[in-house]
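Chain by chain, the residues run as shown.
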Amino acid sequence: MQPPIPDYLADILDHVRDDDGGQSADYIPELRDADPDRLALALCTTSGHVYSAGDGDVEFTIQSISKPFIYALALQELGADAVDEVVGLEPSGEAFNELSLDDNDNRPVNPMINAGAIAVNQLINGEDSSVDDRVEKIRDLLSRLAGRDLSIDEELCNSEILSADRNLSIAHMLRSHGIIHDEAHDAVLSYTRQCSILVTTRDLAVMSATLATGGVQPVTEERLLTSEVCRRTLAVMSSSGMYDGAGRWMAGVGIPAKSGVAGGLIGTLPGQLGIATFSPRLDSSGNSVRGVKIFERLSREMGLHLMAADHHSVPGVRSITRDGDSTVIRLQGTINFTAAENILHELGSHKLGGSELLLDVSRVTSFNRMGRRMVKEGL
């Protein structure tokens, strides 16, 4: 059975394709010269099914989308108390590269801004780690999250280092307050190499879905993070992942998210799925213009807003039985996107014989628009 999901994703891309608002990041030649018309959308469910449309296999650098995953790695390695000593949990309301620390204890206010991400980077593999060993630990985790071996764009990394004056200032500021202990240049090099790891939109959807499962990579089924680490990471993403636009994002879209200046954008709906988009043109906050529009539409049509009462999921198929020349499929619960996707995959794994197919919805409490569309088209 071919689910209608890829066609739906392609329709969404067509809806935003002609929007040429925003501009590509111009402080790094490789980002400035990237094709601004690239466009991709991918979903990965917690059951490990991946769907994509557009340029889903085109590689680009992960940039700031690495921040939540490396924060999760630090939590996994050291525990929350040790990580809390160097970075806070509060929204900043400031730009991602602001030179600012908490007035009370001089910590970066959260791990999603550059100051916090540099401080978190320095925790990986121990404070005495070399840059190469630290970056390899990071690259290994991101590769396992993606389910394939990821590489570093060394050319872009070298270009970014040449224009890293602001991040160097942040590193010197952190070092002066004892938040980090490595040389400022090494700290920025380690962080920049982290941001220069190449991923695809499909990779990011799977990585995001790993947070949705509570730390189990949904395709390889390898446990990479604890559920407690994922819960805290998603909480920080929900309050700070979209920088100074995080409040508007959560009110309008309602999905914990993180953006990157190469044009990537991820979102995670706990227990359901990971979403990723790619479109290089950015708005004034550094978020992908078309990516934001895609997420707004997905949230509205698929009922994904975290604060909505119907976002929860239950198993959609109650039973499949044969009655003479009829196959009877009994559904149950709230049929949203995730339930409908599970229904179609379960039906696809059965031999539905007979001349008649009966759908019993007497135990279904509701269909949302996307759930209804998927079940109808799938049948």
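For the structure, check the block above.
Quick notes on the rules
Residues numbered from 1 in each chain as written. Predicted model: local features only at pLDDT ≥ 70, side-chain atom pairs only at ≥ 80, totals over all residues. Heavy atoms only, no water. Pairing = 2+ DSSP bridges. Helix = DSSP H or I, 4+ residues; strand = E, 2+ residues; numbered from the N terminus. Axes fitted to C-alpha atoms, helices over the stretch in contact; angles between N-to-C directions. Contact = heavy atoms within 4.5 Å. Core = buried A, V, L, I, M, F, W, Y, C linked by side-chain atoms within 4.5 Å. Buried < 20%, exposed > 50% of the residue type's maximum accessible area, 1.4 Å probe, protein only. Lys, Arg positive; Asp, Glu negative; His and termini not counted. Salt bridge = Lys/Arg side-chain N within 4 Å of Asp/Glu carboxyl O. Right-handed = clockwise from strand over helix to strand, strands pointing away. Expected span 1.5 Å × (residues − 1). Arc of directions from axis to C-beta.

### Quick look at the sheet that holds strand E6 (residues 264–269)
Argument step 1. Spatial strand order, E2-E1-E7-E6-E5: five strands in an open sheet with antiparallel pairing. Every interior strand has two partners, whereas the edge strands, strand E2 (50–54) and strand E5 (257–259), have only one. When the angles between neighbouring strand axes are averaged without regard to direction, this sheet yields 10°.
Argument step 2. In the sheet, E6 pairs with strand E7 (residues 273–278) via six bridges, with the strands oriented antiparallel. In the strand pairing of E7, Leu 269 is matched with Leu 273.
Argument step 3. In this fold helix H13 (residues 289–302) packs onto strand E1 (40–45), E6 and E7, with an angle of close to 150° to the strand it touches most, E7.

### Here we look at the nonpolar core
Within soluble globular proteins, side chains that are nonpolar generally end up buried alongside one another.
Argument step 1. Core analysis: the biggest nonpolar cluster contains 76 residues, and Ile 62, Phe 69, Tyr 71, Leu 142, Leu 174, Leu 204 and Met 207 have the highest contact counts within it.
Argument step 2. If we skip the residues at most four places from it in the chain, Leu 174 touches Leu 101, Pro 108, Ala 115, Ile 118, Ala 119, Ile 179 and Ile 180.
Argument step 3. The next biggest cluster of nonpolar side chains, apart from the first, holds 42 residues, and it includes Leu 9, Ile 255, Leu 269 and Ile 335.

### Regarding the side chain of Glu 341
Argument step 1. Mapped onto the secondary structure, Glu 341 falls in helix H14 (residues 337–348).
Argument step 2. No salt bridge is formed by the buried Glu 341; the nearest opposite charge belongs to Arg 202, separated by 12 Å.
Argument step 3. Setting aside chain neighbours within four positions, we find Glu 341 in contact with Ile 5, Thr 45, Ser 47, His 49, Tyr 51 and Met 374.

### Observations concerning the pairing of strand E9 (residues 326–335)
Residues in a regular strand point their side chains to alternate faces of the sheet.
Argument step 1. A large share of E9 lies buried, amounting to eight of its 10 residues.
Argument step 2. Direction of pairing for strand E8 (residues 317–323) relative to E9: antiparallel, over a ladder of six bridges. By the bridge assignment, Ile 320 is partnered in E9 with Ile 329.
Argument step 3. Where E8 hands over to E9, the hairpin turn is made up of two residues, of which Gly 324 adopts a positive phi near 65°.
Argument step 4. In terms of strand pairing, E9 meets strand E10 (residues 356–367) through nine bridges, oriented parallel. Within the sheet, the bridge partner assigned to Val 328 lies in E10 and is Leu 358.
Argument step 5. The β-α-β motif built from E9, the intervening H14 and the parallel element E10 has right-handed crossover chirality.

### Observations concerning helix H8 (residues 165–176)
Argument step 1. The terminal C-alpha atoms of H8 lie 16 Å apart, and with 12 residues this matches the ideal 16 Å at 1.5 Å per residue to within 8%.
Argument step 2. Along H8, the positions that sit buried rather than exposed are Asn 167, Ile 170, Ala 171, Met 173 and Leu 174. Each buried residue of H8 sits inside an arc of 160° when the element is viewed along its axis, so together they form one side. Residues of H8 that are exposed and angled more than 90 degrees away from the buried face: Asp 165 and Ser 176.
Argument step 3. Directly beyond the C-terminal end of H8, a positive phi value near 75° is found at Gly 178.

### Looking at unusual backbone geometry
Across residues other than glycine, the phi torsion is negative in most instances, and most of the peptide bonds are trans.
Argument step 1. With a phi angle near 65°, Asn 106 is a residue other than glycine that sits in the positive phi range.
Argument step 2. Following the sequence through the fold, Asn 106 ends up in the loop between helix H4 (80–84) and helix H5 (114–121).
Argument step 3. Residue classification places Asn 106 among the partly exposed positions, given a relative accessible area of 28%.
Argument step 4. Phi is positive for Asn 125, which is not a glycine, with a value near 65°.
Argument step 5. Mapped onto the elements, Asn 125 comes out in the loop between H5 and helix H6 (131–146).

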